Structure formats: structure tokens, C-alpha cells
Amino acid sequence: MPPSLKKINVLLGLLGFTLLGILAAKPPDEEKPVYKNLKVLSKKISDDNMDFVMESFGVQLGVNCLFCHPGRKNGYVLNIDYVSDELRNKRIAREMLRMTMKLNKKYFNTSLTGTMTTRGVIWCKTCHQGNPVPILPLSK
Ligand code: HEC
Ligand code: HEC
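Residues numbered from 1 in each chain as written. Chains lettered and ligands numbered in written order. Predicted model: local features only at pLDDT ≥ 70, side-chain atom pairs only at ≥ 80, totals over all residues. Heavy atoms only, no water.

## Some words on the coordination of the iron atom of ligand 2
Six octahedral donors around a metal ideally sit at 90 or 180 degrees from one another, while four tetrahedral donors ideally sit at 109.5 degrees. Of the protein atoms, only Met 96 (SD) and His 128 (NE2) coordinate the iron atom of ligand 2, at distances of 2.0 to 2.3 Å. Classification of the site at the iron atom of ligand 2 as octahedral follows from its six donor atoms and the range of 85 to 179 degrees in their angles at the metal. Note that Met 96 is positioned in helix α3 (residues 88–108) and His 128 in helix α4 (residues 124–128), a separation of 32 residues in sequence. Residue His 128 is classed as buried on the basis of its relative accessible area of 10%. (Donors = N, O, S within 2.8 Å, 3.2 Å for Na, K, Ca; no water. Tetrahedral: all angles 85-135°; square planar, octahedral: opposite > 155°, others 65-115°. Helix = DSSP H or I, 4+ residues; strand = E, 2+ residues; numbered from the N terminus. Buried < 20%, exposed > 50% of the residue type's maximum accessible area, 1.4 Å probe, protein only.)

## Concerning a nonpolar patch on the surface
Side chains of Ile 92, Met 96 and Met 99 sit close together on the surface and give an oily, nonpolar patch of about 230 Å² of accessible area. Along the polypeptide, Met 99 turns up in helix α3. Overall, Met 99 belongs to the partly exposed group, its relative accessible area being 39%. (Patch = residues over 30% accessible without salt bridge, like charges linked within 9 Å, V, L, I, M, F, W, Y side chains within 5 Å. Areas by Shrake-Rupley, 256 points an atom, 1.4 Å probe, with all protein chains shown as cover. Salt bridge = Lys/Arg side-chain N within 4 Å of Asp/Glu carboxyl O.)

## A short note on the environment of Gln 60
Looking at the secondary structure, you find Gln 60 in helix α2 (residues 47–61). The class of Gln 60 is buried, set by a relative accessible area of 8%. Considering only alpha carbons, one finds Gln 60 and Cys 127, 67 residues apart in sequence, at a separation of 9.1 Å. Those residues in contact with Gln 60 that lie beyond four places of it in its chain are Trp 123, Cys 124, Lys 125, His 128, Gln 129, Gly 130 and Asn 131. (Contact = heavy atoms within 4.5 Å.)

## Quick notes on the pairing of strand β1 (residues 71–74)
Bridging between β1 and strand β2 (residues 77–80) involves four bridges; their strand directions are antiparallel. In the strand pairing of β2, Arg 72 is matched with Asn 79. (Pairing = 2+ DSSP bridges.)

## Quick look at the site of ligand 2
Around ligand 2, the surrounding shell holds 20 residues, and the nearest of these are Met 96, Cys 124, Cys 127, His 128 and Pro 132. When atoms are counted within 2 Å of each cavity's grid points, the one that captures over half of ligand 2 is the largest pocket. The dominant element in the shell around ligand 2, judged by the number of residues it contributes, is α3, at nine residues. Of the residues in the shell around ligand 2, the class split is 16 nonpolar, three polar and one charged. (Near = heavy atom within 4 Å. 1 Å grid on protein atoms, 1.4 Å probe; cavity = no way out; pocket = protein on both sides within 12 Å on 5 of 7 lines; lining within 4 Å. Sits in = over half its atoms within 2 Å of the grid points. Nonpolar A, V, L, I, M, F, W, Y, C, P; charged D, E, K, R; others polar.)

## Some words on the packing of aromatic side chains
To describe a pair of aromatic rings, one takes the distance between the centres and the angle between the planes. For the coordinates displayed, the defined rule picks out two aromatic pairs. Aromatic pair Phe 52 and Trp 123: ring centres 6.1 Å apart, planes at 10 degrees, arrangement stacked. Residue Phe 52 is located in helix α2, and its partner Trp 123 is located in the loop between α3 and α4; the two are separated by 71 residues in the primary sequence. Note on Phe 52: relative accessible area 27%, which makes it partly exposed. Under the relative-accessibility criterion, Trp 123 is labelled buried at 8%. When the ring of Phe 57 is compared with that of Trp 123, the centres are 5.9 Å apart and the planes differ by 40 degrees; the resulting orientation is tilted. Placement of Phe 57 in helix α2 and of Trp 123 in the loop between α3 and α4 is noted, with a sequence separation of 66 residues between them. An identical accessibility class is assigned to Phe 57 and Trp 123; each is buried. Stacked on the ring of Phe 52, the Lys or Arg Arg 119 has its end atom at 3.7 Å from the ring centre. (Phe/Tyr/Trp six-rings, centres within 6.5 Å; stacked < 30°, edge-to-face > 60°. Lys NZ or Arg CZ within 6 Å of the ring centre and 35° of its normal.)

Dropping the structure here:
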């Protein structure tokens with residue numbers, strides 16, 4: 001092989017390696033988060049609707065994420081474990097969500113589905129009105 005061709009071969013070889021390197025290093029497509037422990041909501045729920053649900057839980061019960069999801073301090077960093085079912089409030093919230101879906105369907109002929117693409121008429125605030133435990137009007 002003439003020396004010039006040999007050079008080109010080496011160059012092509014290098015280029016190939018470089019390309020392989022780039023392909024291997026490229027992170028997989030910007031993936032949407034994978035929810036690992038959904039039992040009432042659908043695994044197909046969009047990120048936007050998931051944000052809507054979790055944020056509305058907070059606002060409608062007057063709490064923040066830590067009310068249902070345990071936070072673990074690591075120095076100054078707070079890691080919130082959204083997957084864990086350790087906190088009772090999360091487990092109750094699941095049952096409340098089931099109940100709310102049923103109320104919409106059975107009594108109001110609307111649907112509140114696991115993907116939250118339709119949202120019914122009853123939601124947590126119907127009863128909670130910004131409180132972790134609904135305040136019942138005891139007088140009257
Ligand atoms: C009133 C309780 C409650 C509050 C407050 C709450 N969540 Fe949740 N969260 C839940 C429940 C219940 C589930 C599981 C739903 C299911 O099983 O379908 C869940 C699931 C999740 C998941 C999915 C975890 C997985 O991989 O399975 C994420 C992420 C999440 N919540 C984020 C948040 C964020 C962020 C906030 C604050 C803005 C928040 N949550 C506030 C009750 C709550
Ligand atoms: C039909 C009325 C109603 C709706 C709708 C409702 N809740 Fe409740 N919820 C209650 C009542 C009443 C209690 C108090 C039960 C008790 O004291 O045993 C409660 C208690 C809770 C608790 C326990 C609070 C504590 O500190 O013990 C959580 C968590 C909760 N609800 C979450 C939710 C979420 C999340 C939604 C929306 C998906 C929701 N609830 C919708 C009536 C409702």
C-alpha cells in the first residue's frame with residue numbers, strides 16, 4: 001500500500017473510533033421521568049398532568065410535598081423520596097384519590113381518569129378547602 005493510502009486508512013480508522021465514541025457517549029433521548037410506584041394514576045400520565053396533580057394536592061390540602069413524601073437530609077441537601085410509601089399521608093391520599101374518582105363517576109357522571117386528561121367536578125378542594133383534614137361545620 002502506498003504510504004499516502006496508508007495514512008488515509010489510519011485517518012478513516014480514527015474517524016470511525018471518534019464516531020463510535022460520540023455515539024456511545026450520547027445520552028439516551030431526553031427521557032420523560034419514569035414513575036415507579038403509581039397504583040391509582042396511570043403510568044401513561046404526562047409530566048404536565050403529573051405536576052398538576054401533585055401541585056394541586058399541596059395547594060388544596062395546604063401542605064407541601066413533604067407531607068406525603070419523606071425527605072432525607074444529606075448535609076444541606078434534601079433528597080425527597082417520591083417512590084416510597086412510608087408515610088401514612090401518601091397511603092391515605094391514594095385512597096382519597098380512588099374515592100374522588102369514584103364520586104365523580106358514580107354521582108356526577110363525569111370522569112376523572114388516571115391520566116388526568118379529564119378532570120371531573122369533585123377534586124380534593126371540594127372537601128379539604130386548603131386544610132389537611134377538612135374542617136367540618138359543627139354548629140348549625
Ligand atoms: C397529599 C399527599 C401528596 C402530596 C402533598 C404530594 N404527593 Fe406526590 N404522590 C402522592 C401519591 C398518593 C402518589 C402515588 C399516586 C399513585 O399511586 O397513583 C404520589 C406520587 C408522586 C410521584 C411519583 C413517584 C413514583 O415514581 O412512583 C412524584 C414524582 C411525586 N408524587 C411528586 C410530588 C411533588 C413534587 C409534590 C409537591 C409539589 C408532591 N408529590 C406532593 C401524594 C402526594
Ligand atoms: C368527599 C370529601 C373528600 C374528598 C373529595 C377528599 N377528601 Fe381527603 N379527607 C376527607 C375527610 C373527611 C378526611 C378526614 C378523615 C378522618 O379524619 O378520618 C380526609 C383526610 C385526608 C387525609 C389525611 C389527613 C390527616 O392528617 O390525617 C389526606 C392525606 C387526604 N384526605 C388527602 C386527600 C386528597 C389528596 C384528596 C384528593 C384526591 C382528597 N383527600 C379528597 C374528605 C375528603
